[in-house]
Amino acid sequence: MKQFWNFSAGPSVLPKEVLQQAAEEMLDWHGSGQSVMEMSHRGAEFTQICDEAEADLRKLLGVGDEWAVFFSQGGASAQNAILPMNLIALKEGRTADYVLTGSWSNKAYKEAKGYGEMRIAASSAEAREIDGVQYQAWQWAPDFSEWQINPKASYLHYCSNETIGGVEYAQLPDKAAIGAEGVPLILDTSSHFLARAWNLEGVDMLYAGAQKNAGPAGSTIIVIRRELIGQCEAICPDVFNYKNLDEARSRFNTPPTYSIYMSGLVFKWLLAQGGLAAIEQQNKAKAKRLYDYIDSTDFYHNFVQPSHRSIMNVPFVTANEALDAQFLKGAKERGLLNLKGHKSVGGMRASIYNAMPIEGVEALIDYMQDFERQHG
């Protein structure tokens, strides 16, 4: 059987062990006589599935009862509006700060502007020369020291990994150092959720679409300190009120049950790998291998500021679009799937999420070497 490697940015590759277990349990979950797809979301079977998924996620993240952990719908994009409706009233002034480093943080800011006086605390929307290299918009990220924080903001929001541009903040900011003490720190972590073992002491909320590292598309994961819940705007639908979702343990209404079940299997797989500390080391090794190869040749080019290169999403190009198109055609023939870059960026993008083994990265590099020999 031909080996395929899926480099899709999302929905993305899932662990084979998870897919195999889901296939085995498809028609009859644990002797219940029903598929998870058919279960009542309030029945004992799905209650067990959902509660175990929450407990395992808490274990992975190292968060206690002071945090609410729940699953919702609408994707991370829906949180661009749901989040301000829940949090804009945390302080007087109806204002929040946003750091813009790419398409997703920019979309979050534009959506949130309808709910308050949103402010740009830092942005990479303009080109900049750094260490003698010229970077275009969204190819670099402002240092934490450049963030200009409003101490009266209801929250400070940033996207820790921009999927499209491959720009990442690998570390968390020190709130005291950036003048954000007392300002809740909110992270959109979608495309590197569960990819790093972070100490969340200085974080107040993170959210992610499941379809990168946490399961198939369908559910959105919200992890938020309970002290922030309870001041939802009147215009917010009940089904998106964080307090309701927390109290109902993700089952205020019918949740995306199968997606939650699959995420639960992914969480158990991650725990079996040794947790987030172990998976982070694997992710760093994969990314280093690929970036080192790209940097070793003049044939391929990654255009992201090196200190902010993503370990999940690696964009690269050849000399021109025609050559990129040839590369993509040949890659598909070799079983290297979904390497086409986002339409706003072009070129190629290798998304090497948790479930992508190092063998897949090596297969990509082997093809890149062969292609360079033929066309270089």
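Calculation notes
- Residues numbered from 1 in each chain as written.
- Predicted model: local features only at pLDDT ≥ 70, side-chain atom pairs only at ≥ 80, totals over all residues.
- Heavy atoms only, no water.
- Pairing = 2+ DSSP bridges.
- Helix = DSSP H or I, 4+ residues; strand = E, 2+ residues; numbered from the N terminus.
- Axes fitted to C-alpha atoms, helices over the stretch in contact; angles between N-to-C directions.
- Contact = heavy atoms within 4.5 Å.
- Buried < 20%, exposed > 50% of the residue type's maximum accessible area, 1.4 Å probe, protein only.
- Lys, Arg positive; Asp, Glu negative; His and termini not counted.
- Salt bridge = Lys/Arg side-chain N within 4 Å of Asp/Glu carboxyl O.
- Phe/Tyr/Trp six-rings, centres within 6.5 Å; stacked < 30°, edge-to-face > 60°.
- Lys NZ or Arg CZ within 6 Å of the ring centre and 35° of its normal.
- Expected span 1.5 Å × (residues − 1).
- UniProt positions renumbered as here; feature names shortened; annotations may be inferred.
- Parallel < 35°, antiparallel > 145°, perpendicular 65-115°, else oblique.
- Left-handed = near helix turned anticlockwise from the far one by under 90°.

The chain is annotated in an unreviewed UniProt entry as Phosphoserine aminotransferase from Oligella urethralis DNF00040.

Trainee: Help me get a handle on the sheet that holds strand 4 (residues 117-123), residues and values and all.
Mentor: What the seven strands build is an open sheet, ordered 2-12-11-10-7-3-4; its pairing is mixed. The sheet is open, and its two borders are formed by strand 2 (67-72) and strand 4, each paired with just one other strand. Averaged over all pairs of adjacent strands, the angle between their axes in this sheet comes to 20 degrees, without regard to strand direction. Direction of pairing for strand 11 (residues 205-209) relative to strand 12 (residues 220-225): antiparallel, over a ladder of five bridges. Across the sheet, Gly-209 pairs through a bridge with Thr-220, a residue of strand 12. Most of the contacts of helix 3 (residues 75-87) go to strand 11, to which it runs at about 150 degrees, and overall it touches strand 2, strand 4, strand 7 (156-159), strand 10 (185-188), strand 11 and strand 12. Each of strand 3 (95-100), strand 4, strand 7 and strand 10 is contacted by helix 4 (residues 103-112), which is oriented at about 160 degrees to strand 3, the strand it contacts most.

Trainee: Got a sec to walk through the side chain of Lys-286? Specific residues and values, please.
Mentor: Mapped onto the elements of the fold, Lys-286 is located in helix 7 (residues 275-296). Of the side chains bearing the opposite charge, Glu-359 lies closest to the buried Lys-286, which forms no salt bridge; the N-O distance is 8.9 Å. If we ignore the near neighbours within four places in the chain, the residues touching Lys-286 are Ile-352, Tyr-353, Asn-354, Met-356, Pro-357, Ile-358 and Val-361.

Trainee: Outline the pattern of salt bridges, supporting the account with residue identities and numerical values.
Mentor: In the structure shown here, the tally under the stated rule is 22 salt bridges. Across the pair Glu-146 and Arg-128 runs a salt bridge, and its minimum N-O distance is 2.9 Å. Of the two residues, Glu-146 sits in the loop between strand 6 (133-135) and strand 7 while Arg-128 sits in strand 5 (residues 128-130), which places them 18 residues apart along the sequence. Residue Glu-146 is classed as partly exposed on the basis of its relative accessible area, which comes to 28%. Given the relative accessible area of 31%, Arg-128 is considered partly exposed. Glu-362 serves as the salt-bridge partner of Arg-289, at 2.9 Å between the closest nitrogen and oxygen. Highlighted residues: Arg-289 in helix 7 and Glu-362 in helix 9 (residues 358-375), separated in sequence by 73 residues.

Trainee: Lay out the environment of Ser-77 with the relevant residues and their values.
Mentor: For Ser-77, the position within the fold is in helix 3. Residue classification places Ser-77 among the partly exposed residues on the basis of a relative accessible area of 40%.

Trainee: Now, about the packing of aromatic side chains: what can you tell me, with residues and values included?
Mentor: As enumerated under the stated definition, the model contains 18 aromatic pairs in all. Aromatic side chains Phe-327 and Phe-371 sit 5.2 Å apart centroid to centroid with 85 degrees between the ring planes, which places their arrangement in the edge-to-face category. Placement of Phe-327 in helix 8 (residues 321-333) and of Phe-371 in helix 9 is noted, with a sequence separation of 44 residues between them. Owing to a relative accessible area of 0%, Phe-327 belongs among the buried residues under this scheme. Taken together, the ring pairs connect Tyr-293, Phe-299, Tyr-300, Phe-316, Phe-327, Tyr-367 and Phe-371 into an aromatic cluster. Stacked on the ring of Trp-104, the Lys or Arg Lys-107 has its end atom at 4.6 Å from the ring centre.

Trainee: Which residues make up helix 6 (residues 257-273), and what values go with them?
Mentor: Owing to its 3.6 residues per turn, the α-helix brings residues three or four apart onto one side. Here helix 6 contains 17 residues, and its C-alpha end-to-end distance of 25 Å stays within 8% of the 24 Å for a straight helix at 1.5 Å per residue. Most of helix 6 is tucked away, with 13 of its 17 residues classed as buried. One or two positions beyond helix 6, positive phi appears at Gly-274, with a value near 110 degrees.

Trainee: Give me the lowdown on the UniProt feature "domain: Aminotransferase class V" (unreviewed entry) in the chain, citing residues and values where you can.
Mentor: The UniProt record annotates "domain: Aminotransferase class V" (unreviewed entry) at residues 5-364. End C-alpha atoms of residues 5-364 are separated by 9 Å, and the span's content is 32% helix alongside 17% strand.

Trainee: Provide a residue-level description of the packing of helix 2 (residues 44-61) against helix 6, including the pertinent values.
Mentor: The contact between helix 2 and helix 6 brings their axes to 9 Å, and the two run at 40 degrees. The orientation of helix 2 relative to helix 6 falls into the category oblique. Helix-helix and strand crossings are classified by hand; for helix 2 and helix 6 the assignment is left-handed. Listed contacts from helix 6 to Phe-46, Ile-49, Cys-50, Glu-52, Ala-53, Asp-56, Leu-57, Lys-59 and Leu-60 of helix 2 are Thr-257, Ile-260, Tyr-261, Gly-264, Phe-267, Lys-268, Leu-270 and Leu-271.

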